[in-house]
Amino acid sequence: MFKLDHKSILIGISVVASTALLLTGCLSSPSSTNSSAKAQSNELTGPYAGKLGAIDGGVIYPRENGMYTAYVLNEQSTEGINHGRTPTENEINAWNLDALPDGTGLPEGEGSVEEGDELYEANCASCHGDFGGGGHGYPQLAGGNQEKDENGIVKTLKNQRLEPGMDAPQRTVGTFWPKATTLFTYIRDAMPYAHPKSLSNDENYALTAYILAQNGIKIDGEKMTDEYVLNAEKLAKVVLPNNDGFYPNIDGPEGPANVKAFFADRAKNIGAGVRCMTDCKDPGMEAAGAKEAELVRIDYEMADVVPPYSTVRDLPPESEDVTISKAEKMYNESCKLCHSSDRMGAPAVGDVQAWVSVTKKGFDQVLRNSIDGIGGMPPKGGNDSLTSDEVKSIVEFMIDSSK
Amino acid sequence: MIKDTQGKRMMHLKISKIIKGEDVDKTFKSEETTSVSRRDFFKRTASVSAVAAVSILAPGALFADDINIMEHTKWGTTLGDECNYNPYGLPSKYEHNVVRRTSALMSSAGDMHAAISMSPLHELSGIITPNGLHFTRTHNGVAHVDPNKYRLMIHGLVDKPIVLTLEQLKKYPSESRILFLECPSNGAAEWKGPQFNSLQFVKGMMSCAEWTGVRIKTILDELGLKPNARWMLAEGSDGSEMSRTVPVEKVLDDAMIVWAQNGEALRPEQGYPVRLMLPGWEANLCVKWLKRLKFGEEPWYAKEETSKYTVLTASGRSIQHFYANEVNSIITSPCPEKPWTDLKVGDLVEIEGLAWSGHGTITNVDISFDGGKNWREVSLKGLVLPKAWTRFSYMYKYEGKPLLLQSRAVDDSNNVQPTVNQEKEVVGVEGVYHRNAICTWEVNAKGEVNNVQVRS
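Residues numbered from 1 in each chain as written. Chains lettered and ligands numbered in written order. Predicted model: local features only at pLDDT ≥ 70, side-chain atom pairs only at ≥ 80, totals over all residues.

What follows is about the overall build of chain A. Scanning chain A from N- to C-terminus turns up 16 helices and 10 strands. The buried share of chain A, taken over its 403 residues, is 35%. Considering only residue pairs separated by 6 or more positions, chain A has 60% of its internal contacts joining residues 24 or more positions apart. (Helix = DSSP H or I, 4+ residues; strand = E, 2+ residues; numbered from the N terminus. Buried ≥ 20, exposed ≤ 12 C-beta atoms within 10 Å, placed from the backbone. Contact = placed C-beta atoms within 7 Å.)

Below you can see the structure in the form of structure tokens.
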């Protein structure tokens, strides 16, 4: 049977003496040769051979003879089954807020770049950086080189970091996003991060305008100055630089068929392996012009995992009976996101120096700032449901935890 | 051959030299300087395992009698807990290290509200992931939905729009399917080279469970889908209002609305009380905390199918609507967390692993001991189901020699798992998503296992 000679553990197209030995070893195994032949003749194995046809290029399994693959079915009719009720028109309108790239579904409202600037500073800059430029670990919204090559492809998107130190492709609204309506609906539904759905449509238009302006987007040839006012009609006219940078084409009546055709040719379009069994040469490697494959080891190991690695089976360390105070719980829910570190510019809880300078203002002033908001911090940290007494207990907790 | 790039030591080595032993000493030295903590971890593991080995391998009088046999145990001489001491059962306290893990790399700036936690694949058996260990990806934290206030609306291009409470939804006839769920970012840290020395972090953005719910087609048959409906918008109710566009063809094939996971309600991390289930497709498409399904003619271009979850290729253009998680496999034993440091030459040991494909059913798995030059087919074992984890197994006589272990899966759509180079040729290294290249474990002469890549 298969015998592994350590000298024969080699890879690459360089022919070595031991290859012949291994080749013989493998050919003597009947299962290997069988499956190798199967793969070469393109013949599917298993009980579902020939049942191709799913849009993803895979198999559609039949529901027949009381079976769906290995699962037994109840084949009684469900005709006439009817639970739930018809939603009212108001109910549908309340939830039917999605919008298409052509503007269908966008709400009324408007906002200027200048208004967006103020809103951005107050609600977004702490995560997305000044002017959308990133730098705080959250997605960068603006910036990046939008210049295109002769085929209309944004040049920097071709960046491939094959060696350390090479430039990454930048995926900002201006260089990567295909549709501007996505920006509006996403801001409206999912932002600001800690308080989604808290802004008005006018504010959402203003923020969308600001981010588009930071990306140098023109609408109908018009530059978006501070005074530029964005609304549904104008938003639908935006053509982002990377609008044509995506495939297959999903628009129009042929959209699903295009997708299906794309995934039918998976080897070409998304890459596929070859089921070679013996003395295999890696086609990708040959294409890259390499003579012998290399073994690449971990250069810099990502080892800061939480909890730390361990496969030991022992009793867990005795945990102290810590009951978390109500104030700490409220802090965790409403304040911790920004105050757990200084990366968003807020004084970090536990940073003694930072809080010495905060408390210099006197407790009453600190409390007033917490209730009214200060700098990038919205009133009550953005949680309107907190009472003034609750804010007071949170501030006391934060100060006590930073001594 | 060791390259020096920007002062950093890149460990690109000719495989033939390593296996011949020429570079082995140098290799171990590099490893010590780059991953001291891992070495300590292995030492600890090795000493624990050695105790177990002694008790198994002592047939004669060579070893002292095992105290665990010679003396009564504490648990055998005392009254245990009352039978319902834990009304909701918990794992043994000794299993406290079998947990999901995360890393700052899996988040924005270490903020764990939009982050990923990885399943401990090295500790899982069979094909079912316990609910508490299911991998989790959130975009705006784990939402806690009040089931009494939960509503699901289905509307758009249907004759009869409908709104359902949770109890009404659960009155529809249910089907159960064992299906894997995989984040399309699984393995994304490894496009440019190996980074994590851990099975949990190399492939842990996936799990497999039995999901129960109603086929969407069963509901649609009564609502009356209009013939011009080509796409379905699925929208979540969490803070990120996660939404994705799904082709109607998939909806009518095997899509489900599910409310149960391994026999109990979905866990909040998996979308309690209701999520969309698109068998075999990106877990991101299987929208959690599901709120609304709307049928339409044109795709929506939601944020998570444009700015994210699109595959940027070396051409500068990006693949969109990339649905299925492709054919894939990984050897789970041995692995970096479960090395062979306690084996003796001549020991017979099982090599075990997982294979899966979002396109269908696993038909074959091959393994290689020499980094992909020669392969042999191995046995599948247990249930072999479509779009589910499938276990494979091979009995191996340990020789104490260096190995480059790989597995390669094939499915019934004739998809063959690609090499790192084959995938790189088509996609490049900036695709982020849908990486299914063959993984390599280097087993060194000591039986330690390291995550490496064979590439050019």
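The helix and strand inventory of chain B stands at 9 helices and 27 strands. Within chain B, buried positions represent 59% of all 456 residues. Within chain B, contacts between residues separated by at least 24 positions form 70% of all contacts whose residues are at least 6 apart in sequence.

Moving on to the environment of B:His139. All names here are of chain B. Residue position: His-139 is located in the loop between strand 7 (136–138) and strand 8 (151–156). C-alpha of His-139 to C-alpha of Ile-116: the two residues are 23 residues apart in sequence and 9.0 Å apart in space. Not counting residues within four places of it along the chain, the set of residues in contact with His-139 comprises Ala-114, Ser-240 and Met-242.

Let us now look at the pairing of strand 23 (residues 376–381) of chain B. Residues and elements named next belong to chain B. Alignment of strand 22 (residues 362–368) against strand 23, held across 3 bridges, turns out to be antiparallel. Looking across to strand 23, one finds that Val-365 is bridged to Val-378. Strand direction decides the pairing type here: strand 23 and strand 24 (residues 390–397), joined by 3 bridges, are antiparallel. Counterpart to Ser-379 in the pairing with strand 24 is Ser-393. (Pairing = 2+ DSSP bridges.)

Turning our attention to the interface of chain B and chain A. Facing the 141 residues of chain B at the interface are 123 residues of chain A. Class assignment of the residues belonging to the side of chain B that touches chain A gives a composition of 49 nonpolar, 53 polar and 39 charged. Pairing of strand 10 (residues 305–306) of chain A with strand 4 (residues 102–103) of chain B, which is carried by 2 bridges, proceeds in the antiparallel orientation. Residue pairing for strand 4 of chain B: A:Val305 is matched across the bridge by B:Ser103. (Nonpolar A, V, L, I, M, F, W, Y, C, P; charged D, E, K, R; others polar.)

It is worth spelling out the sheet that holds strand 6 (residues 111–117) of chain B at this point. In spatial order, the strands read 5-6-7 (chain B); together these 3 strands make up an open sheet with antiparallel pairing. Since the sheet does not close on itself, it has two edges, and those belong to strand 5 (107–108) and strand 7 of chain B, each with one partner.

Okay, the sheet that holds strand 3 (residues 71–72) of chain A next. Taken together, 3 strands build an open sheet; the order of strands is 1-2-3 (chain A) and the sheet is antiparallel. Each of the sheet's edge strands pairs with one partner strand only, and the pair in question is strand 1 (63–64) and strand 3 of chain A.

This part covers the nonpolar core. By size, the foremost hydrophobic cluster in this structure holds 172 residues, and its most contacted members are A:Ala209, B:Met232, B:Ile257, B:Met277, B:Cys286 and B:Ala388. Top contributing element to this core by residue count: helix 7 (residues 201–214) of chain A, with 8 residues. The residues contacting B:Cys286, other than those within four sequence positions of it, are B:Leu181, B:Arg275, B:Leu276, B:Met277, B:Leu278 and B:Trp281. In terms of nonpolar packing, the next biggest core, distinct from the first, is built from 8 residues, A:Ala54, A:Ile55, A:Tyr61 and A:Ile250 among them. (Core = buried A, V, L, I, M, F, W, Y, C linked by C-beta atoms within 7 Å.)

Residues and elements named next belong to chain B. Domain assignment breaks chain B into domain 1 (6–45), domain 2 (131–319) and domain 3 (328–452). Taking only C-alpha atoms, the centre of domain 2 and the centre of domain 3 are 28 Å apart. Counting residues at the interface gives 27 residues for domain 2 and 25 residues for domain 3. When residues of the side of domain 2 that touches domain 3 are assigned to their parent elements, the largest contribution, 4 residues, is made by helix 6 (residues 199–203). (Domains from an automatic or database assignment.)

Here we take up the confidence of the model for chain B. All names here are of chain B. Model confidence for chain B is summarised by a mean pLDDT of 90, while 87% of its residues fall at 70 or above. Across residues 1–11, where pLDDT falls below 50, the model places 22 contacts with residues more than four positions away in sequence or in other chains. Within the model, the stretch residues 18–55 combines pLDDT values under 50 with 44 contacts to residues more than four positions away or in other chains. Among the scores for the predicted complex, ipTM is 0.86 and pTM is 0.83. (pLDDT = per-residue confidence, 0-100.)

Looking now at helix 9 (residues 420–427) of chain B. Residue and element names in this part refer to chain B. Counting buried residues along helix 9, 7 of its 8 residues qualify, which places the element largely inside the surrounding structure. Those residues of helix 9 not exposed but buried are Val-420, Asn-421, Gln-422, Glu-423, Lys-424, Val-426 and Val-427. Backbone geometry just after helix 9 places Gly-428 at a positive phi near 90°.

When two helices pack together, their arrangement is captured by the angle between the axes and the distance separating the axes. All names here are of chain A. It is at 9 Å that the axes of helix 6 (residues 180–190) and helix 7 come closest, and there the two elements cross at 135°. One finds that helix 6 runs oblique with respect to helix 7. Pair helix 6 / helix 7 crosses with right-handed handedness. In contact with Ala-180, Leu-183, Phe-184, Ile-187 and Arg-188 of helix 6, helix 7 contributes Asn-204, Leu-207, Thr-208, Ile-211 and Leu-212. Of the residues assigned to the contact of helix 6 with helix 7, the class counts are 7 nonpolar, 2 polar and 1 charged. (Axes fitted to C-alpha atoms, helices over the stretch in contact; angles between N-to-C directions. Parallel < 35°, antiparallel > 145°, perpendicular 65-115°, else oblique. Left-handed = near helix turned anticlockwise from the far one by under 90°.)

Quick look at the pairing of strand 24 of chain B now. Where strand 21 (residues 348–356) of chain B and strand 24 of chain B come together, 8 bridges link them in antiparallel fashion. The partner of B:Gly353 across the bridge, within strand 24 of chain B, is B:Phe392.

The next thing to look at is unusual backbone geometry. In this structure, the amide linkage connecting A:Val306 to the following residue, A:Pro307, adopts the cis form with an omega of -15°. Take A:Pro307: it is sitting in the loop between strand 10 and helix 12 (326–334). Residue B:Pro273 is bonded to the preceding B:Tyr272 through a cis peptide linkage, with omega at 5°. Position of B:Pro273 relative to the elements: it lies in the loop between strand 15 (264–265) and strand 16 (275–277). We note that A:Thr69 has phi near 50°; this positive angle belongs to a residue other than glycine. As for its placement among the helices and strands, A:Thr69 is situated in the loop between strand 2 (67–68) and strand 3. Here A:Thr69 falls in the partly exposed class, since 19 other C-beta atoms lie within 10 Å of it. For A:Asp220, which is not glycine, the phi torsion reads 55° and is therefore positive. Positionally, A:Asp220 belongs in the loop between strand 5 (218–219) and strand 6 (222–223).

The next point concerns the packing of helix 12 of chain A against helix 16 (residues 388–400) of chain A. All names here are of chain A. At a closest axis distance of 9 Å, the pairing of helix 12 and helix 16 adopts a crossing angle of 95°. As judged from the angle between their axes, helix 12 and helix 16 are roughly perpendicular. Residues Ala-327, Glu-328, Met-330 and Tyr-331 of helix 12 pack against Glu-390, Ser-393, Ile-394, Glu-396, Phe-397 and Met-398 of helix 16. Split into classes, the residues belonging to the contact of helix 12 with helix 16 amount to 6 nonpolar, 1 polar and 3 charged.

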